[in-house]
Amino acid sequence: MPAYGFYRELTMEQTMEKVDVLIEAGYLKTELSGKLPMIVFIVYGWTVQRERRAEELLREWENWLDQGITPVSMEYLKDRNRGMILMFLFKVLCSGDRKYIPFLQQWQPIEFRKVQAEIRQVIADLNECERLGEMEWHELLRERAQSLIVRSRDPVILMCQECDGPFVFDHLDFSCYRADGIYFPEKCGHCRNTEDGIRE
Ligand SMILES: [Zn+2]
């Protein structure tokens, strides 16, 4: 699990200080595994897993399209974790590729009403994509992230590489979801803003 390498660069003392701060703030829980207290990043794992599963589903569709396979049924997508399925839809949308529309159309009728509505919207957006300029498309993705990316109930805490402070990952920051995976920001919002200010 990638989270375990997280404090690699710090001394043990520094690490424990940070961990204490996070535990106090309620962001981490410790578990006793054998004799060693193990730090569990509860939600960080799920955030990464959800993104990977959604990515796998998208890759599967791509393979089927490449090989000219039409799936017999889309039933396998039903009753999956809602947050993961919506993330999958978001990834389909981000591709901006109309080739997925036939699969979306096949999927839509078997879904529950709320997901159905989201699928219909993604189909409409993909049809619009070509007409939109880059800025407009970006704006559309930002907007659609609000309904397609479900915030985790618990925050994902990252450490800023600039100021060393902990900060909360914004699940709706869609620029972190790229074609080949999720990229957590390296710096907190404050340090990023300061940097932008200097650059301008
Ligand atoms: Zn910072």
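Throughout what follows, the structure given in this document is the object of discussion. (Residues numbered from 1 in each chain as written. Predicted model: local features only at pLDDT ≥ 70, side-chain atom pairs only at ≥ 80, totals over all residues. Heavy atoms only, no water.)

**Brief notes about the overall build of the protein**
Working step 1: From N to C terminus, the protein includes seven helices and six strands.
Working step 2: What you see in the protein, going N to C, is helices and strands ordered as α-β-β-α-α-α-α-α-β-β-β-β-α.
Working step 3: With 200 residues in all, the protein has 40% of them scored as buried.
Working step 4: Within the protein, residue pairs in contact and separated by at least 24 positions form 63% of the contacts whose partners lie at least 6 positions apart.
Working step 5: Accessible surface, the protein: about 12,200 Å² in total, of which carbon and sulfur atoms supply 49%. (Helix = DSSP H or I, 4+ residues; strand = E, 2+ residues; numbered from the N terminus. Buried < 20%, exposed > 50% of the residue type's maximum accessible area, 1.4 Å probe, protein only. Contact = heavy atoms within 4.5 Å. Areas by Shrake-Rupley, 256 points an atom, 1.4 Å probe, with all protein chains shown as cover.)

**Describing unusual backbone geometry**
Negative phi values dominate among residues other than glycine, just as trans dominates among peptide bonds.
Working step 1: Not every positive phi belongs to a glycine, and Asp79 is a case in point at roughly 60°.
Working step 2: If you trace the backbone, Asp79 turns up in the loop between helix H2 (42–66) and helix H3 (82–95).
Working step 3: Residue Asp79 is classed as exposed on the basis of its relative accessible area of 67%.

**Thoughts on the coordination of the zinc ion**
Working step 1: At the metal site, the zinc ion is ligated by Cys160 (SG), Cys163 (SG), Cys188 (SG) and Cys191 (SG), and these contacts range over 2.3 Å.
Working step 2: Note that the zinc ion binds four donor atoms; their angles at the metal cover 104 to 115°, and the shape is tetrahedral.
Working step 3: Linear spacing of the donor residues for the zinc ion on their chain is C-x2-C-x24-C-x2-C. Separated by 28 residues along the polypeptide, Cys160 in the loop between strand S3 (157–159) and strand S4 (166–168) and Cys188 in the loop between strand S6 (181–182) and helix H7 (189–199) bring together distant segments of the chain. Each member of the pair, Cys160 together with Cys188, is buried. (Donors = N, O, S within 2.8 Å, 3.2 Å for Na, K, Ca; no water. Tetrahedral: all angles 85-135°; square planar, octahedral: opposite > 155°, others 65-115°.)

**Section: the nonpolar core**
Note on soluble globular proteins: their nonpolar side chains tend to be buried together.
Working step 1: Residues Trp61, Phe88, Leu89, Val92, Leu93, Leu104 and Trp107 are the most contacted members of the largest nonpolar core, which totals 47 residues.
Working step 2: Among the secondary structure elements, those contributing two or more residues to this core are H2, H3, helix H4 (101–107), helix H5 (113–129) and helix H6 (134–148).
Working step 3: Broken down by element, this core gets its largest block of residues, nine residues, from H3.
Working step 4: Here Val92 is in contact with Leu58, Trp61, Tyr100, Leu104, Val122 and Leu126, once residues within four sequence places are set aside. (Core = buried A, V, L, I, M, F, W, Y, C linked by side-chain atoms within 4.5 Å.)

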